[in-house]
Amino acid sequence: MTTLPQRFAGKHALVTGAGSGIGRAIAVRLAAEGAGVAILELRAEAGADTLAEIRAAGGTARVIAADVGNTDSMRAAFASLERLDVLVNNAGVAHIGNVVTTAPEDLDRIYGVNVKGVYHGLHFGVPKLLASGGGAIVNIASTLSKIAVPDRFAYGMSKGAVFAMTLSVARDFVDKKIRCNCVCPARVHTPFVDGYLAKNYPGQEKEMFAKLSAAQPIGRMGEPREIAALVAFLASDEAGFITGSAYDIDGGTILLR
Ligand SMILES: NC(=O)c1ccc[n+]([C@@H]2O[C@H](COP(=O)([O-])OP(=O)(O)OC[C@H]3O[C@@H](n4cnc5c(N)ncnc54)[C@H](O)[C@@H]3O)[C@@H](O)[C@H]2O)c1
């Protein structure tokens with residue numbers, strides 16, 4: 001990691017849900033490129049693991065224990081930041097079900113984290129970016145922001161909303177030096193996927209893992225570090241002409257099906 005360019009030297013980043021999977025890889029990558037990283041995480045102990053990994057590599061970070069779905073928690077989290085240049089809204093939760101089998105409380109839970117959580121990040125984060133003279137936002141959306149997959153009613157709804165919020169913020173702050181983009185990963189191998197398999201296919205995890213991998217045209221799942229590399233590019237000045245975009249990072253899932 002020592003050979004990476006220092007594109008974020010002197011910059012301050014915040015990554016939500018940075019205690020696991022994609023968020024953790026993003027926090028580690030931004031720190032390796034010189035950013036001071038705020039690891040915003042519901043599970044403080046998971047955030048501490050990411051912090052330890054960053055510090056072991058010589059990076060700078062701290063943990064903010066917060067719930068993205070809670071307005072007071074997010075207000076306090078952002079108020080504690082001295083400065084913000086890069087905001088990554090990554091925290092998200094999954095749900096399986098069609099419109100009939102999705103209970104109202106399931107919808108509320110997915111909305112609360114995946115939609116309202118991203119809203120909170122944007123609502124409290126944009127003023128901080130403006131105070132820094134501008135900055136970059138990357139939201140973690142999904143292929144499901146664009147295509148339908150069976151039994152993803154609530155989750156797809158939430159990721160469609162992440163895409164729409166990305167466009168709205170990109171439009172409203174295009175002349176204020178804020179760029180806002182989202183990335184749309186297909187399946188990526190994280191604890192999110194392992195938890196899904198353990199819950200829904202107990203005893204069949206291995207064969208379901210192989211089946212899910214084969215379902216993507218490239219024949220495998222993505223790796224968190226691959227998503228982190230794209231996010232780091234989009235957050236960097238090298239992507240200065242890119243705003244209001246939804247980048248597919250999906251092994252061909254959207255266009256090669
Ligand atoms: N893994 C995939 O296949 C995949 C594909 C496309 C998009 N995504 C999206 O990427 C993002 C990260 O997914 P992942 O696979 O790394 O998941 P993960 O479950 O491994 O990690 C998510 C992290 O978010 C944290 N979190 C959950 N709710 C929170 C809350 N209310 N407040 C603060 N933190 C909270 C969790 O504690 C966890 O550390 C999610 O938005 C997910 O929808 C994942």
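These numbers were taken from a predicted model, which means no experiment stands behind them. (Residues numbered from 1 in each chain as written. Predicted model: local features only at pLDDT ≥ 70, side-chain atom pairs only at ≥ 80, totals over all residues.)

**Some remarks on the pairing of strand β3 (residues 60-65)**
Logical step 1: Inspection of the sheet shows strand β2 (residues 36-41) paired to β3 by 6 bridges, in the parallel sense. Bridge pairing links Ile-39 to Val-63 in β3.
Logical step 2: Between β2 and its parallel partner β3, the chain crosses via helix α2 (residues 44-56), and the hand of that crossover is right-handed. (Pairing = 2+ DSSP bridges. Helix = DSSP H or I, 4+ residues; strand = E, 2+ residues; numbered from the N terminus. Right-handed = clockwise from strand over helix to strand, strands pointing away.)

**What about the site of the ligand?**
Logical step 1: Close to the ligand lie 29 residues, the nearest being Gly-17, Ser-20, Gly-21, Gly-92 and Phe-192.
Logical step 2: Sorting the residues of the shell around the ligand by element identifies α1 (21-32), α4 (104-131) and α6 (191-200) as the ones contributing at least two each.
Logical step 3: In terms of residue class, the shell around the ligand is built from 13 nonpolar, 12 polar and 4 charged.
Logical step 4: Counting contributing residues per domain, the shell around the ligand is built from domain 1 (12-186 + 225-248) and domain 2 (190-221), each supplying no fewer than three. (Near = placed C-beta within 6 Å. Nonpolar A, V, L, I, M, F, W, Y, C, P; charged D, E, K, R; others polar. Domains from an automatic or database assignment.)

**Structural notes on the packing of α1 against α2**
Logical step 1: Direction vectors running N to C along α1 and α2 enclose 25 degrees, while the axes themselves pass 10 Å from each other. In terms of orientation, α1 and α2 fall into the roughly parallel class. The crossing of α1 and α2 is right-handed. Seen from α1, the contacting residues are Arg-24, Ala-27, Val-28 and Ala-31; seen from α2, they are Thr-50, Glu-53 and Ile-54.
Logical step 2: Residue composition of the contact of α1 with α2, by class: 4 nonpolar, 1 polar and 2 charged. (Axes fitted to C-alpha atoms, helices over the stretch in contact; angles between N-to-C directions. Parallel < 35°, antiparallel > 145°, perpendicular 65-115°, else oblique. Left-handed = near helix turned anticlockwise from the far one by under 90°. Contact = placed C-beta atoms within 7 Å.)

**So, the nonpolar core**
Logical step 1: Counting residues in each nonpolar core, the largest one holds 67 residues, and the members touching the most others are Ala-27, Val-37, Ile-39 and Val-231.
Logical step 2: Not counting residues up to four positions away in its chain, the partners in contact with Val-231 are Ile-26, Val-88, Val-138 and Val-183. (Core = buried A, V, L, I, M, F, W, Y, C linked by C-beta atoms within 7 Å. Buried ≥ 20, exposed ≤ 12 C-beta atoms within 10 Å, placed from the backbone.)

**Concerning the sheet that holds strand β4 (residues 86-89)**
Logical step 1: Pairing is parallel across the open sheet formed by 7 strands, whose spatial order is β3-β2-β1-β4-β5-β6-β7. In this open sheet, the two strands that pair with only one neighbour each are β3 and β7 (246-249). Averaged over all pairs of adjacent strands, the angle between strand axes in this sheet comes to 20 degrees, irrespective of strand direction.

**Brief notes about the domain arrangement of the protein chain**
Logical step 1: Splitting the protein chain by domain gives domain 1 (12-186 + 225-248) and domain 2 (190-221).
Logical step 2: The interface of domain 1 with domain 2 comprises 6 residues on the first partner and 6 residues on the second.
Logical step 3: Of the residues assigned to the side of domain 1 that touches domain 2, the class counts are 4 nonpolar, 2 polar and no charged.

**Some thoughts on the environment of Gly-117**
Logical step 1: Looking at the element boundaries, Gly-117 is found in helix α4.
Logical step 2: When the 27 C-beta atoms within 10 Å are taken as the criterion, Gly-117 is described as buried.

**Some thoughts on α1**
Given 3.6 residues per turn, any residue in an α-helix points the same way as the ones three and four places further on.
Logical step 1: If you check α1, its first and last C-alpha atoms are 17 Å apart, about what 12 residues at 1.5 Å a residue would give, namely 16 Å.
Logical step 2: With 12 of 12 residues buried, α1 is to be regarded as a mostly interior element.
Logical step 3: Within α1, the full set of buried residues consists of Gly-21, Ile-22, Gly-23, Arg-24, Ala-25, Ile-26, Ala-27, Val-28, Arg-29, Leu-30, Ala-31 and Ala-32.
Logical step 4: Directly after α1, the chain includes Gly-34, whose backbone phi takes a positive value near 105 degrees. (Expected span 1.5 Å × (residues − 1).)

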